[in-house]
Amino acid sequence: MNTIFRKSMLSVAGLAFAGGVFAGPIAAHAATPTVDAKPVAAAVQSAVPKPQGDQSHITLTDEQTANAKAIIAATKKAGLPERAAVISIATSLQESKLDNLGHLGDANDHDSLGLFQQRPTSGWGTPEQITNPEYSTTAFLKGLKQVDGWQDMPLTDAAQTVQVSAYPDAYAQWEQQATDLVAQHWNS
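One structure accompanies this document, and this report is about it. Computed from a prediction, not measured in an experiment: that's the story for all the values here.

Observations concerning the environment of L141
Okay, so step 1: Looking at the secondary structure, you find L141 in helix α7 (residues 133–145).
Okay, so step 2: For the pair L141 and V162, spaced 21 residues apart in the sequence, the C-alpha separation amounts to 8.8 Å.
Okay, so step 3: Beyond its immediate sequence surroundings of up to four residues, L141 is in contact with A74, T75, A78, L80, A84 and S88.

Some thoughts on the packing of aromatic side chains
Okay, so step 1: This model, assessed by the stated rule, comprises 1 aromatic pair.
Okay, so step 2: Ring plane angle 10 degrees and centroid distance 5.0 Å describe the contact between F116 and F140, whose orientation is recorded as stacked. Taken as a pair, F116 in the loop between α5 (82–96) and α6 (127–130) and F140 in helix α7 lie far apart in primary sequence, 24 residues in all. Like F140, F116 is buried.

A word on the pattern of salt bridges
Okay, so step 1: Tallied over the full model, the rule gives 3 salt bridges.
Okay, so step 2: One salt bridge connects R83 with E175, and the closest N-O pair in it is separated by 2.8 Å. Taken together, the positions of R83 in helix α5 and E175 in helix α9 (residues 175–185) put the pair 92 residues apart, joining distant regions of the chain.
Okay, so step 3: Exposure remark for R83: the relative accessible area of 10% places this residue in the buried category.
Okay, so step 4: Two residues, D111 and R119, come together in a salt bridge whose shortest N-O distance is 2.6 Å.

What about α7?
Okay, so step 1: Look at α7: 18 Å from first C-alpha to last across 13 residues, which is about the 18 Å you get at 1.5 Å a residue.
Okay, so step 2: Within α7, the full set of buried residues consists of P133, S136, T137, A139, F140, L141, G143 and L144.
Okay, so step 3: Taken together, the buried residues of α7 touch α4 (62–77), α5, α6 and α8 (155–163).
Okay, so step 4: N-capping of α7 is provided by N132, with a side-chain oxygen placed 2.9 Å from the backbone N of E134.

Some remarks on the packing of α4 against α9
Angle between the axes and distance between the axes: these two values describe a pair of packed helices.
Okay, so step 1: Where α4 contacts α9, the two axes come as close as 10 Å, and the packing angle between them is 75 degrees. Classified by the interaxial angle, the pair formed by α4 and α9 is roughly perpendicular. In this structure, α4 contributes T65, A68, K69 and I72 to the contact, and α9 contributes L181, V182 and H185.
Okay, so step 2: Here the contact of α4 with α9 is composed, by residue class, of 4 nonpolar, 2 polar and 1 charged.

Side note on the side chain of Q118
Okay, so step 1: One can find Q118 in the loop between α5 and α6.
Okay, so step 2: Apart from residues lying up to four places away in sequence, Q118 is in contact with D111, S112, L113, W124, I130, S136, A139 and F140.

So, the nonpolar core
Okay, so step 1: The biggest cluster of nonpolar side chains holds 35 residues, and the ones touching the most others in it are I87, I89, L98, F140, L144, W150 and V182.
Okay, so step 2: Elements supplying a minimum of two residues to this core: α4, α5, α7, α8 and α9.
Okay, so step 3: Here I87 is in contact with F140, L144, W150, L155, A158 and A159, once residues within four sequence places are set aside.

Rules and cut-offs
- Here, residues in each chain are numbered from 1, in the same order as that chain's written sequence.
- Per-residue local features are limited, in this predicted model, to residues with pLDDT of at least 70; the limit for side-chain atom pairs, both in listing and counting, is 80 or more; totals at the level of whole chains, interfaces and linings are taken over all residues.
- The side-chain figures draw on all heavy atoms in the structure; neither hydrogens nor water molecules are used.
- Under the scheme used here, helices are H or I runs from DSSP no shorter than 4 residues and strands are E runs no shorter than 2 residues, and both carry numbers assigned from the N terminus.
- Pairs of residues are marked as contacts when any of their non-hydrogen atoms sit within 4.5 Å.
- Think of it this way: a Phe, Tyr or Trp ring, Trp meaning its six-membered ring, pairs with another when their centres are within 6.5 Å, and the plane angle makes it stacked under 30 degrees, edge-to-face over 60, tilted otherwise.
- The rule is simple: take the accessible area with a 1.4 Å probe, protein chains only, and divide by the maximum for that residue type; under 20% is buried, over 50% is exposed, in between is partly exposed.
- The term salt bridge refers to a side-chain nitrogen of Lys or Arg lying within 4 Å of a carboxyl oxygen of Asp or Glu.
- Helix span, expected: 1.5 Å multiplied by one less than the number of residues in the helix.
- The definition of a polar contact used here is a pair of N or O atoms within 3.5 Å, where within protein one atom must be able to donate a hydrogen and the other to accept one, and adjacent residues in sequence count solely through side-chain atom pairs.
- The angle between two axes is taken between their N-to-C directions and runs from 0 to 180 degrees, where each axis is a line fitted to C-alpha atoms and a helix contributes only its stretch in contact.
- Roughly parallel means an angle under 35 degrees; roughly antiparallel, over 145; roughly perpendicular, 65 to 115; everything else is oblique.
- Charged means Asp, Glu, Lys or Arg here, nonpolar means Ala, Val, Leu, Ile, Met, Phe, Trp, Tyr, Cys or Pro, and polar covers whatever is left, Gly included.
- Residues belong to one nonpolar core when they are buried, are Ala, Val, Leu, Ile, Met, Phe, Trp, Tyr or Cys, and are joined through side-chain atoms within 4.5 Å.

Here it is, written out as structure tokens:
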């Protein structure tokens, strides 16, 4: 079993138990001598992980909101669920604050560009492609789809597996704002 998947499942199961989600069913079966845990595990696997840790929030400009909508549109075009859009937007919030970054001169992190700070020298595409919100989102989603169990793992683990950032836990802080943006714009 994939180590990341196993750790995420244990994390999700721990959060669900700590939150009292399964307190009723566990109490109801307390008198039963044997309990088959398989249905509980299946229920945990289908649950969407809750945001981890302290959450950050920024007020978005019209341009940043348009970029969030572009990420949602690209996710829908790729046929992926809302969770993929949440992961994508949280990643972009961390990487660029949803600003489509061009070359920043000395302030640039190597040759990182666009919404996801993708690098042409790392094979993400040309500078023109990377600074196109649909292209950069599609490239990110292509990487995300290659992560086994991304749908059920903590957002920061899924994002980090694609991005390979020097700050692997930083994505988690944007999950609530990303979730709110997707909820607000998914059906609009």
